[in-house]
Amino acid sequence: VQLQASGGGLVQAGGSLRLSCAASGRTFSSYVMGWFRQAPGKEREFVAAISGSAGITYYPDSVKGRFTISRDNAKNTVYLQMNSLKPEDTAVYYCAAGAAIYYGDYANLNKYDYWGQGTQVTVSS
């Protein structure tokens, strides 16, 4: 599986961005898809995840209510809609795919098998 993330950019605080992640391969719908982010000098952290077919989602408290993950299995694409952006959301955002991840492990980056190249999101104050 190859993943290509896009949609990052510069936005003012309070603004919105939508990230996209296009995946190759015929079994996209079987993968759990996740978004992670990494700010300079910090560890990569979990942002959102969605299950393969049922579309069950999971978010950390830091983005719950502001970010929404969705997927279009017909287009092999997962999205991250980010609203009410804050300067602390500034990071490189990565999409990831995992073949067999239990719901309780969605936030564990070590459970994901494939990673995209990342897209920069910068939120100015």
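Residues numbered from 1 in each chain as written. Predicted model: local features only at pLDDT ≥ 70, side-chain atom pairs only at ≥ 80, totals over all residues. Heavy atoms only, no water.

A. Structural context of unusual backbone geometry. With phi around 55°, Asn76 is a residue other than glycine that occupies positive phi space. As for its placement among the helices and strands, Asn76 is situated in the loop between β7 (67–72) and β8 (77–82). Phi is positive for Ser84, close to 50°, though the residue is something other than glycine. (Helix = DSSP H or I, 4+ residues; strand = E, 2+ residues; numbered from the N terminus.)

B. Geometry of the nonpolar core. If you look at the biggest cluster of nonpolar residues, it comprises 29 residues, and the most contacted ones within it are Met33, Trp35, Leu80, Met82 and Tyr93. Elements with a contribution of two residues or more to this core: β1 (3–6), β3 (17–23), β4 (32–38), β5 (45–50), β7, β8, β9 (91–98) and β11 (119–124). Apart from residues no more than four positions distant in its own chain, Leu80 is found in contact with Leu17, Arg18, Leu19, Trp35, Val47, Ala48, Phe67, Thr68, Ile69 and Tyr93. Of all hydrophobic cores here, the second largest spans eight residues; its members include Val32, Phe36, Ala49 and Ile101. (Core = buried A, V, L, I, M, F, W, Y, C linked by side-chain atoms within 4.5 Å. Buried < 20%, exposed > 50% of the residue type's maximum accessible area, 1.4 Å probe, protein only. Contact = heavy atoms within 4.5 Å.)

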